[in-house]
Amino acid sequence: MYGPPVDLSFKDISRVTGALSVAPRCGVRPCQTNSKGKYLSCSLRLSYNSIADLSGLHHALDHFLAQPSKLGWLDLSFNKLMSIEPVLCELTELRVLYLHGNAIWNLSEVDKLGGLQRLHTITLHGNAIETEKGYRNRVICTLPQLKTMDFSTVTREQRVLANVWRHCNNRHKNTEASLQ
């Protein structure tokens, strides 16, 4: 079940459902299929396309993967996503999520991923949110189980700093609210 990713990168796909009509790229290790022609993989690569929203993602997962509920690795890098859509939060087995090189502009979008308890690796660099003050701290606070963010290890010191940042930020928000 841990075969190579189903690779639909560089396919000029503008909608996730557009992937249904293309064949995955063949890598060095070809993907194995079951008797129904579904791939024995828990990884899907949709990078380097023009996908702007994730409608139809579940349909695509059902179409390609023998066990879509076991999806553990999803690469959506270098697309045109502007937000983190709720469908990602339904992928409860997700461990690795690549979202770098998109158009996500609101840092609070990351909060939506808080329920993904198994998520240990995320990439968000190359999005507008990367330039926001407290970017790394906010992501680490929201996803405390992270081991890797933007291809670099999340250190113990960064976790401590992120918690201090969160407490200071919450205190600042509470002070502002009491003044109003």
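The model shown is predicted, which means the values in this text are computed figures rather than measured ones. (Residues numbered from 1 in each chain as written. Predicted model: local features only at pLDDT ≥ 70, side-chain atom pairs only at ≥ 80, totals over all residues. Heavy atoms only, no water.)

Undergrad: What exactly am I supposed to notice about the nonpolar core here?
TA: Counting 44 residues, the largest nonpolar core has Leu57, Leu74, Leu88, Ile122 and Val139 as its most contacted members. The set of elements that each furnish at least two residues to this core consists of helix 1 (57-64), helix 2 (86-89) and helix 3 (135-142). In this structure, leucine 57 is in contact with Val16, Leu46, Leu74, Val87, Leu88 and Leu91, ignoring residues within four places of it in sequence. (Core = buried A, V, L, I, M, F, W, Y, C linked by side-chain atoms within 4.5 Å. Buried < 20%, exposed > 50% of the residue type's maximum accessible area, 1.4 Å probe, protein only. Helix = DSSP H or I, 4+ residues; strand = E, 2+ residues; numbered from the N terminus. Contact = heavy atoms within 4.5 Å.)

Undergrad: What should I look at first to understand the packing of aromatic side chains in this one?
TA: Aromatic ring pairs: the centre-centre distance and the angle between the two ring planes describe each pair. Considering all chains together, one arrives at four aromatic pairs under this definition. Taking 5.6 Å as the distance between ring centres and 75 degrees as the angle between the ring planes, the aromatic pair formed by tryptophan 73 and tyrosine 98 counts as edge-to-face. Of the two residues, tryptophan 73 is situated in strand 3 (residues 73-75) and tyrosine 98 in strand 4 (residues 96-98); the sequence distance between them amounts to 25 residues. Like tryptophan 73, the residue tyrosine 98 is buried in the burial classification. Counting every residue linked through ring pairs, the aromatic cluster contains Phe10, Tyr48 and Phe78. (Phe/Tyr/Trp six-rings, centres within 6.5 Å; stacked < 30°, edge-to-face > 60°.)

Undergrad: Just checking my understanding: could you explain the layout of surface pockets for this structure?
TA: It is the rolling of a water-molecule-sized probe over the atoms that shows where space remains empty. In this structure, the largest pocket encloses a volume near 210 Å³. As for the largest pocket, its lining consists of 12 residues, and the residues nearest its centre are Tyr2, Cys42, Lys70, Gly72 and Arg95. Within the lining of the largest pocket, the residues separate by chemical class into six nonpolar, three polar and three charged. (1 Å grid on protein atoms, 1.4 Å probe; cavity = no way out; pocket = protein on both sides within 12 Å on 5 of 7 lines; lining within 4 Å. Points joined across faces, edges and corners; volume = space filled by probe spheres on them. Nonpolar A, V, L, I, M, F, W, Y, C, P; charged D, E, K, R; others polar.)

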